[in-house]
Structures are given as structure tokens and as C-alpha cells.
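Chain and residue survey
Chain by chain, the residues:
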Amino acid sequence: MSLVLKFKICESSNCSKLIFSELTGVYNVTTNPGGWFGIYGDPNPQIANATSAILTITPSSGTVYSINLFDTLPTLDKTFEYQLTNEDFGYTTGKKIQDQIITFTYTVIASGVTYTQTIYKALLCNSRCCVDNILKSVDTECNECNDAAMKRYTQARLILDIIESDAECGNISFFNKSLAQLNKICSDTNCKPCNK
């Protein structure tokens, strides 16, 4: 078994940054055969022999951004997190990251061999915020008001479910069409931004 890089990307609640978590861990023949070399003559490379660790980010614009993780966090045999701010991939300070599908490629060079892992992450922080805010706008004291508000919420929730399904299946064109529909509902209902 050779080294298998593992990582995940999570969104912050305020839609302005992402968290990269390195999850490769240390080799174990049973529980983690793709982990870094330990102390028992494991078959994978040692972390001490790693010379590079780069995270490449490709948002829907197609522009490629690279983050040097090795210089910042060189202890790759441990689980660690790195905060990616919106500036790391082309947004101005304070601007929220737009909902989209982003490609993340994590590449490590160790003992002269290049190891790569790619994931596709659907960022939906703004859409989830919008749907939550539409639900919060339902006035439980007013039955007449509830019909229109619940109709808007049900429609928005359904579209969000479709967007998540499109992302999971890799249907980028359907994802973008559904996202545009939800954005229209959000703009039509003057959806408040999330400020968590």
C-alpha cells in the first residue's frame, strides 16, 4: 500500500473562510494502511522525507490559486487545520465566498514521489443561510402570513435539496441552474446575510 492523502474542507458559518483539515495520519496495517511511515518499518514514506505540500484551489472562475501548506504547517503526520481566507482564492477582504463547486487538489512530494488527492466541494453557505432566514421569517402568530412565507420556504428548501443532490452527482450545469433559481428567491425576499 502506498501513501493515500486524506483531507476535508469545511465552510465557516459566516461564509468568509474555509477550513482545510489534513487527515492522512500515521500508518496502521489495519486501520490506516495509507498513512505516513511510523516507527515499525512501514511501507509508506516518512514525513521527514516530505519536501512539499501544496493545496491548489480552482473556483468556478477557473483561476487556479496555490497555498503552500508545508512551510506553515510542516508536521503532516499529525491531524492539523489551516484556515483559508477568502483572499486566498481571489476575493477581497470582507467579501463572502460565493456558492459554487470548487476543486481542491492536495499534492505532497515525499522521497521524490508525488502524491495527489483531489476533492470537489460544493460551497452552499449563502444558500443555507438564505433558506434559514426565510424559515425565520415565518410569523407563527399570523395564519394568513404563514401561507405565503411557508410556500417561499418550501420552494427554497426544495431547490436547496436539488442543489445538494446536483453537487453530489457532479451535475455542474444543473447545480448552476438550480443555484440561480435559489438566488432569485433570496433576492426577491430581501434575504438577510448570515452574520454568525
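The structure contained in this document is the topic of the report that follows. The structure displayed is predicted, hence computed values, not measured ones. (Residues numbered from 1 in each chain as written. Predicted model: local features only at pLDDT ≥ 70, side-chain atom pairs only at ≥ 80, totals over all residues. Heavy atoms only, no water.)

Quick word on empty space enclosed by the protein
According to the stated counting rule, one finds one cavity of 30 Å³ or more in the structure shown. As for the largest cavity, its lining consists of E11, C15, S16, K17, L18, I97, D99, C125 and N126. Of all the secondary-structure elements, those providing two or more residues to the lining of the largest cavity are strand 2 (17–22) and helix 2 (125–136). Residues that form the lining of the largest cavity fall into these classes: four nonpolar, two polar and three charged. (1 Å grid on protein atoms, 1.4 Å probe; cavity = no way out; pocket = protein on both sides within 12 Å on 5 of 7 lines; lining within 4 Å. Points joined across faces, edges and corners; volume = space filled by probe spheres on them. Helix = DSSP H or I, 4+ residues; strand = E, 2+ residues; numbered from the N terminus. Nonpolar A, V, L, I, M, F, W, Y, C, P; charged D, E, K, R; others polar.)

A closer look at the sheet that holds strand 4 (residues 65–68)
Strands sit in the order 4-3-6-7 across an open sheet of four strands; the sheet is antiparallel. Looking along the sheet, the strands with just one partner apiece sit at the ends: strand 4 and strand 7 (113–123). Strand-to-strand, the axes of this sheet are offset by a mean angle of 20°, without reference to chain direction. Bridge count between strand 3 (residues 50–58) and strand 4: four bridges; the pairing is antiparallel. Note on strand 4: the bridge partner recorded for L55 is I67. (Pairing = 2+ DSSP bridges. Axes fitted to C-alpha atoms, helices over the stretch in contact; angles between N-to-C directions.)

Here we look at the pairing of strand 6 (residues 100–110)
Side chains on a regular strand alternate between the two faces of the sheet. A large share of strand 6 lies buried, amounting to eight of its eleven residues. Bridge count for strand 3 against strand 6 is eight bridges, and the pairing is antiparallel. Each residue of the ladder has a partner; that of S52, found in strand 6, is I109. The pairing of strand 6 with strand 7 spans eleven bridges and is antiparallel. When the bridges of strand 7 are listed, V108 appears paired with Y115. (Buried < 20%, exposed > 50% of the residue type's maximum accessible area, 1.4 Å probe, protein only.)

Quick word on the packing of aromatic side chains
Enumeration over the complete set of coordinates arrives at three aromatic pairs. Relative to Y106, the ring of F7 lies with its centre 5.5 Å away and its plane at 70°, an arrangement referred to as edge-to-face. Pair noted here: F7 is in strand 1 (residues 7–11) and Y106 is in strand 6, with a separation of 99 residues, a long-range link. With relative accessibility at 9%, the residue F7 sits in the buried group. Members of the aromatic cluster, joined through ring pairs, are F7, F20 and Y106. (Phe/Tyr/Trp six-rings, centres within 6.5 Å; stacked < 30°, edge-to-face > 60°.)

What to know about the sheet that holds strand 2
The three strands are arranged 1-2-5 in an open sheet whose pairing can be described as antiparallel. One side of each edge strand has no neighbouring strand; the edge strands of this open sheet are strand 1 and strand 5 (80–85). Pairs of neighbouring strands in the sheet enclose a mean axial angle of 25°, with direction left out of account. As paired elements, strand 2 and strand 5 share six bridges and run antiparallel to each other. Bridging from a neighbouring strand, K17 pairs with T85 of strand 5.

Considerations on the pattern of salt bridges
Taken as a whole and assessed by the stated rule, the structure comprises four salt bridges. A salt bridge links R128 to E164; its shortest N-O distance comes to 3.2 Å. Of the two residues, R128 sits in helix 2 while E164 sits in helix 3 (residues 143–169), which places them 36 residues apart along the sequence. A relative accessible area of 25% means that E164 is categorised as partly exposed. A salt bridge links R157 to D161; its shortest N-O distance comes to 2.6 Å. Residue R157 and its partner D161 are both found in helix 3; the two are separated by four residues, about one turn of the helix. The exposure class assigned to R157 is partly exposed, which follows from its relative accessible area of 28%. (Salt bridge = Lys/Arg side-chain N within 4 Å of Asp/Glu carboxyl O.)

Here we look at the nonpolar core
Judged by nonpolar contacts, the single largest core of 28 residues is most densely connected at F20, L55, L84, F104 and Y106. Among the secondary structure elements, those contributing two or more residues to this core are strand 1, strand 2, strand 3, helix 1 (69–72), strand 5, strand 6 and strand 7. Per element, the largest residue contribution to this core is five residues, and it comes from strand 6. Residues L124, V131, L160 and L179 belong to the second largest nonpolar core, which totals 16 residues. (Core = buried A, V, L, I, M, F, W, Y, C linked by side-chain atoms within 4.5 Å.)

This is a description of form; function is not addressed.
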